[in-house]
Amino acid sequence: MLIATALLAAGAIIGMPSILSWVAGSWYSFFGVSAYSHGYLVLGLAAWIGWTHWRRDPPERIGPAWSALVPLALLVVAMVAMELIYINSSRALLLPPMFVAATALVFGWPAAKRVVMPAGFVYLGLLPFWVLQPALQALATRMVNLLMSFGNVPVHIEEFFIHIPAGTFEVVSSCSGLSTLLSALTLALFYDAMYLRRWRHRLILLGAAIAAALVSNWVRIWTLVLIGQYLGLDYWLIGDHYAYGMVLFLIFLVPVGLLAARLEDREQEEDEEPSSGRTMPAPRVRARTGPMLAAALAGALLLAAPRLFATDGRVTYEVEPLPLPEVTMGNAVRVGDLSSWQPRFRNARVGSAVYQADGGRVEAYRAAYPQQDREHHLFQDRRSLHGRDWWELEHRQREVQVGVERITVNEFVGRLSGRERITLAWYEVAGQPVTSRLAAKLAEARALGSGRTDGVLVAVSKECEPGCDEARAVLERFLENSGASLRWQPGP
């Protein structure tokens, strides 16, 4: 079994180094506050769940199940397809089912059944929980506002800012409570898998853990605001608020732990036979080593196949500026460089300018990737367009006239450096205008046959002076008259 397992592991390491290194890198900060910093803890707990369940109820027979080649091959094809259209972190979601299918191929479906639960548990370290951060930020801000209403401290809420007479607190994304929520989910689901058998009890414990994590974070922020009001914003506990939050979280977990023990006791009381009186498992029947090694070799070759389609290192162009024209087709004249709006697209050929247009000045930006691979790609950072100081107020998609063509663009309204700003932007993938990641991925898939891998971002922006409606009208006129000058196509 060890040799067969080593063959499968070697195949995965050879075939999928980029996604495995992404997972390892995302899990590196064990004591961090990111959405994935608990990943190695999840992996260790998943291994313990698998080992315990295997010992409790080992499969009656261990031997290859060649029918598992089909789902494993389909999963490998999906991995290759995602590689070819530069989908990165989402590929990690295929790893647990690939592990189950590979287990079934070498050791049989009964063995695979025993690893389904630990494989699913690993999703706690892979799912994109960070998408919950804005909602958790907003919820935390509202709940702190509610808690403040029970006191006599005047408070004003503006987005994620809490204004009190002593000063202002900001509920940043790392204070949304996501880290404590994931820790509580991990511990509750581990206890569910190991010690509880009734789904009703499992859901009760899960709900209690979620409530404890959220409420502990709300109480943390609320008490820090009160401390800032009565003891000063420079009080030492405010500077050490992460440690303070961890202590509060552990305090709130105490009743959850007591509840978990009570639920386990209740299940043992309701069972006719206590869990300690389990009958001995039936002896396992193990297949000969030869068929298992043959299946492991086939699985290893399949798992190594994605390496043949790796997109790393395919780019041959030099990363050098690609200036915008001094004068556009609509006779807008370049008068300077960008101000506080500084997009950041790594490894792109970039051009930017400020144009004097009809109605005022317009800031324009273009990032071109003549070829794309994993390190030269439009979608590397979700904050590339506006930076980390951007506070988005509104986002919608709408049609505008760009030269002689009418296309759909993204319209963003938000605050940057304390000033309200509006931006119109779109992507072009293999010459096709798109406005979202999903549409870009579909365009990349359609362009696979043509061999084109180019991608471009085009954006124009203006501060909302005297207002956003007036700024929007200026941008629309600029794109209609001069937008064609900003677009780019690769040469022959």
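Description of the structure in this document. It should be emphasised that the depicted structure is a prediction, and the values quoted were computed from it without experimental measurement.

For the structure shown, the criterion picks out one disulfide. Disulfide partner of Cys464: Cys468, at an S-S distance of 2.0 Å. Across the S-S bond linking Cys464 and Cys468, the dihedral sits near 90°, which makes this disulfide right-handed. Each of the two residues, Cys464 as well as Cys468, counts as buried.

This part is about the sheet that holds strand β4 (residues 167-170). Strands in a sheet are paired, the pairing made by backbone hydrogen bonds, and the direction either parallel or antiparallel. With antiparallel pairing, the three strands of this open sheet are ordered in space as β2-β3-β4. The sheet is open, and its two borders are formed by β2 (156-158) and β4, each paired with just one other strand. On average, each strand axis in the sheet is inclined to that of its neighbour by 25°, with strand direction left out of account. Summarising the sheet, strand β3 (residues 161-164) and β4 pair through four bridges and their orientation is antiparallel. For His163, the partnering residue across the bridge sits in β4 and is Thr168. The strands that helix α9 (residues 199-231) touches are β3 and β4; relative to β3, the one it contacts most, it runs at about 35°.

A word on the packing of α9 against helix α11 (residues 241-270). Contact pair α9 / α11: the axes reach a minimum separation of 9 Å and the direction vectors enclose 160°. When the axes of α9 and α11 are compared, the pair comes out roughly antiparallel. With respect to the hand of their crossing, α9 and α11 are arranged in right-handed fashion. Partitioned by chemical class, the residues of the contact of α9 with α11 number 17 nonpolar, five polar and four charged.

Helix length check: helix α1 (residues 2-15) (14 residues) gives 20 Å between terminal C-alpha atoms against 20 Å at 1.5 Å per residue, within 8%. The set of residues buried in α1 consists of Ala4, Leu8, Gly11, Ala12 and Gly15. One side of α1 carries all its buried residues, which in axial view fall inside an arc of 95°. Turned more than 90 degrees away from the buried face of α1 sit Leu2, Ile3, Ile13 and Ile14, all of them exposed.

Before going further, it helps to examine the nonpolar core. If you look at the biggest cluster of nonpolar residues, it comprises 92 residues, and the most contacted ones within it are Met16, Met98, Phe121, Ile162 and Leu205. Formed by 29 residues, the second largest nonpolar core is a distinct cluster that contains Leu324, Tyr355, Ala364 and Ala368.

What follows concerns the pattern of salt bridges. Counted under the stated rule, the structure contains 22 salt bridges. One salt bridge connects Arg406 with Glu399, and the closest N-O pair in it is separated by 3.3 Å. When its relative accessible area of 45% is taken as the criterion, Glu399 is described as partly exposed. Each of Arg396, Arg398, Glu411, Asp469, Arg472 and Glu476 takes part in one network of salt bridges that share partners.

With respect to the helices and strands, Glu463 occurs in strand β13 (residues 455-463). Among the polar contacts made by the side chain of Glu463, one reaches the side chain of Arg419 at a distance of 2.8 Å. Apart from the residues within four sequence positions on either side, Glu463 is in contact with Ser340, Arg419, Glu420, Arg421 and Ala471.

Moving on to the pairing of strand β8 (residues 360-369). Along any regular strand, the residues point their side chains to alternate faces of the sheet. Burial analysis of β8 places nine of its ten residues in the buried class, which makes it a mostly covered element. Pairing between strand β7 (residues 349-357) and β8: nine bridges, direction antiparallel. Residue pairing in the sheet places Ser352 in a bridge with Tyr365 of β8. Counting the residues in the hairpin turn of β7 and β8 gives two residues, including Gly359, whose phi is positive at 105°. With seven bridges joining them, β8 and β13 adopt antiparallel strand pairing. For Arg366, the partnering residue across the bridge sits in β13 and is Val458.

Here three bridges tie strand β6 (residues 333-336) to β7, and the two strands are oriented antiparallel to one another. Pairing of Gly336 across the sheet is with Val354, part of β7.

Before going further, it helps to examine a nonpolar patch on the surface. A contiguous nonpolar patch, built from Val327, Val333 and Val335 and spanning about 220 Å² of accessible area, is present on the exposed surface. For Val335, the position within the fold is in strand β6.

In this section: the layout of surface pockets. Of the volumes computed, that of the second largest pocket is approximately 1400 Å³. What lines the second largest pocket is a set of 34 residues, among which Thr5, Leu43, Phe99, Thr103 and Val115 lie closest to the centre. Ranked by residues supplied to the lining of the second largest pocket, first place goes to helix α3 (residues 39-56) with eight residues. Class assignment for the residues of the lining of the second largest pocket results in 29 nonpolar, three polar and two charged.

Attention now goes to the environment of Ser436. Take Ser436: it is sitting in the loop between β12 (432-434) and α13 (437-446). Here Ser436 falls in the partly exposed class, since its relative accessible area comes to 27%. Here the alpha-carbon distance between Ser436 and Leu308, two residues 128 residues apart in the chain, equals 29 Å. Those residues within four positions of Ser436 in sequence are excluded, and the remaining contacts are Phe379, Gln397 and Tyr427.

Attention now goes to the environment of Arg366. Assignment of secondary structure puts Arg366 in strand β8. Since its relative accessible area comes to 5%, Arg366 is described here as buried. Separated by 309 residues in sequence, Arg366 and Asp57 place their C-alpha atoms 60 Å apart. Engagement of the side chain of Arg366 in a polar contact is seen with the backbone oxygen of Leu322, the distance being 3.2 Å. A distance of 3.2 Å separates a polar side-chain atom of Arg366 from the backbone oxygen of Pro323.

The rules behind the values
Residues numbered from 1 in each chain as written. Predicted model: local features only at pLDDT ≥ 70, side-chain atom pairs only at ≥ 80, totals over all residues. Heavy atoms only, no water. Disulfide = S-S within 2.5 Å. Buried < 20%, exposed > 50% of the residue type's maximum accessible area, 1.4 Å probe, protein only. Pairing = 2+ DSSP bridges. Helix = DSSP H or I, 4+ residues; strand = E, 2+ residues; numbered from the N terminus. Axes fitted to C-alpha atoms, helices over the stretch in contact; angles between N-to-C directions. Contact = heavy atoms within 4.5 Å. Parallel < 35°, antiparallel > 145°, perpendicular 65-115°, else oblique. Left-handed = near helix turned anticlockwise from the far one by under 90°. Nonpolar A, V, L, I, M, F, W, Y, C, P; charged D, E, K, R; others polar. Expected span 1.5 Å × (residues − 1). Arc of directions from axis to C-beta. Core = buried A, V, L, I, M, F, W, Y, C linked by side-chain atoms within 4.5 Å. Salt bridge = Lys/Arg side-chain N within 4 Å of Asp/Glu carboxyl O. Polar contact = N/O pair within 3.5 Å; in protein donor to acceptor, adjacent residues only side chain to side chain. Patch = residues over 30% accessible without salt bridge, like charges linked within 9 Å, V, L, I, M, F, W, Y side chains within 5 Å. Areas by Shrake-Rupley, 256 points an atom, 1.4 Å probe, with all protein chains shown as cover. 1 Å grid on protein atoms, 1.4 Å probe; cavity = no way out; pocket = protein on both sides within 12 Å on 5 of 7 lines; lining within 4 Å. Points joined across faces, edges and corners; volume = space filled by probe spheres on them.

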